[in-house]
Amino acid sequence: HQIASQIRVNSIAVLPFDDLSSTQDNQHFTDGLSDAIINQLSQIKQLKVISRYSSFTYRGKYNATEIGQALKVDTLLDGSVQKMGEQVRINVRIFSTKNGQQLWSKTFDSDNQNSFKLQDNISAAIHAIIQPDYVPIDANPSSRPTKAISAQAYEWYLMGQYHWRQRNPKALAKAVTYFKHSLELEPDYADAHVGLAITYANLHHFANWSEKKAIDKALPQIEKALALKPNSPTALAAKGMILTLHLGDSTLVQQAEQAFLRSLELDDNATTHRWYSSLLNRLGKGSQVIQHMNRAIELNPLSPSLKRSYSKYLRSIGKPDSAQRMYQRAL
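Below you will find a few notes about this structure.

Parameters at a glance
- Residues numbered from 1 in each chain as written.
- Predicted model: local features only at pLDDT ≥ 70, side-chain atom pairs only at ≥ 80, totals over all residues.
- Heavy atoms only, no water.
- Pairing = 2+ DSSP bridges.
- Helix = DSSP H or I, 4+ residues; strand = E, 2+ residues; numbered from the N terminus.
- 1 Å grid on protein atoms, 1.4 Å probe; cavity = no way out; pocket = protein on both sides within 12 Å on 5 of 7 lines; lining within 4 Å.
- Points joined across faces, edges and corners; volume = space filled by probe spheres on them.
- Buried < 20%, exposed > 50% of the residue type's maximum accessible area, 1.4 Å probe, protein only.
- Arc of directions from axis to C-beta.
- Contact = heavy atoms within 4.5 Å.
- Axes fitted to C-alpha atoms, helices over the stretch in contact; angles between N-to-C directions.
- Parallel < 35°, antiparallel > 145°, perpendicular 65-115°, else oblique.
- Left-handed = near helix turned anticlockwise from the far one by under 90°.
- Nonpolar A, V, L, I, M, F, W, Y, C, P; charged D, E, K, R; others polar.

1. Concerning the pairing of strand 5 (residues 87-96)
Next up, step 1: Judged from the ten bridges that link them, strand 4 (residues 75-84) and strand 5 form a sheet pairing that is antiparallel. Along strand 5, the bridge assignment pairs Leu77 with Ile94.
Next up, step 2: What sits between the antiparallel neighbours strand 4 and strand 5 is a turn of two residues, in which Gly85 has the positive phi angle 65°.
Next up, step 3: Bridging between strand 5 and strand 6 (residues 102-111) involves nine bridges; their strand directions are antiparallel. Paired with Val92 across the two strands is Lys106, which belongs to strand 6.
Next up, step 4: Hairpin geometry of strand 5 and strand 6 is characterised by an intervening segment of five residues between the two adjacent antiparallel strands and by a positive phi of about 75° at Gly100.

Below you can see the structure in the form of structure tokens.
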């Protein structure tokens, strides 16, 4: 299927993969695969990668040109997943938003036991076509080798990730259970520690947990994740977000800011820009708040909650006209 050995891509949106399995019950897996590709691609410098919250608006049938105009990207990546018994087949495509022309495609086959490894193989193949000289962040020889994660632990991690994104008390409680199951099988699974930490923080934002309870539960998970994976942009961003809940002294402020800045060096991510803007707001750094909120909206242009947050900030600093225009965009 492969059409080109290398393609020039300046900006890309990764759409949710289609589940072609007969049971149609693999959304956690298909969404998790798209998520992983977004996370990998956003670590390529000079490549604009749209946040999942905007690109996942487009499920099912869509028009490539319309998406290109709405998200301001020149390419789209989509795919499909088909599970047949113990076998998994994944098709991945990259095509232009200017004319809908397919630029590259590839089929990957594996069994269910190797689905974690399959995710890495797909990301590596996409990197090779977009940026052949790319070197992964954790590829230096002194770093510990990446241990293969068992298929069951990976499945539970994906279920946890799927549920924490629902952002309601019932779903967050389910996410905690799934991440814990994953970690019982794989105690050194850094991403599952990060997922559990973010879930605990969300239980403060979207349920009834106090700041103190959320921080006390979340911080040890983040420290464990960073001990295992020091260059994880998601773990660094989550550390900054959790410490922002808990600002009480200048040391914590410094730690939070360093975590955010390091995360953004590694991954130009809309959520990280948004979280960092909360810290900057508390520090009274207004011009930087605006800079990071604007970048977050550029990377996540279809998020109404992001625009609503920005509107409230603009209103709070005495810019009612700008706030009103931003509320209108949110609506």
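Next, the rest of the story.
2. Some thoughts on empty space enclosed by the protein
Next up, step 1: One pass over the structure, following the stated rule, counts one cavity of 30 Å³ or more.
Next up, step 2: The computed volume of the largest cavity comes to approximately 30 Å³.
Next up, step 3: Along the walls of the largest cavity sit Leu15, Pro16, Asp18, Tyr58, Gly60, Tyr62, Asp78 and Gly79, which together make up its complete lining.

3. Quick word on helix 3 (residues 64-71)
Next up, step 1: Along helix 3, the positions that sit buried rather than exposed are Ala64, Ile67, Gly68 and Leu71. Around the axis of helix 3, the buried residues are gathered within 100° of arc, so they sit on the same side. Turned more than 90 degrees away from the buried face of helix 3, the exposed residues are Glu66 and Gln69.
Next up, step 2: Elements in contact with the buried residues of helix 3: strand 1 (11-14), strand 3 (48-49), helix 2 (52-55), strand 4 and strand 5.

4. What about the layout of surface pockets?
Next up, step 1: Considered as a void within the structure, the second largest pocket measures approximately 980 Å³ in volume.
Next up, step 2: If you trace the second largest pocket, you find 31 residues lining it, with Phe206, Arg274, Trp275, Ser278 and Ser309 closest to the centre.
Next up, step 3: For the lining of the second largest pocket, the secondary-structure elements that each account for two or more residues are helix 7 (190-205), helix 9 (233-244), helix 11 (270-282), helix 12 (286-299) and helix 13 (304-316).

5. A short note on the packing of helix 6 (residues 169-185) against helix 7
Next up, step 1: Taken N-terminus to C-terminus, the directions of helix 6 and helix 7 make an angle of 155°; their axes are 9 Å apart at the nearest point. Accordingly, the angle class assigned to the pair helix 6 and helix 7 is roughly antiparallel. Handedness of the helix 6/helix 7 crossing: left-handed. When helix 6 is examined against helix 7, the residues Leu172, Ala175, Val176, Phe179, Lys180, Ser182 and Leu183 are found in contact with a partner set consisting of Ala192, His193, Gly195, Leu196, Thr199, Tyr200, Asn202 and Leu203.
Next up, step 2: When the residues that make up the contact of helix 6 with helix 7 are grouped by side-chain class, the tally is nine nonpolar, five polar and one charged.

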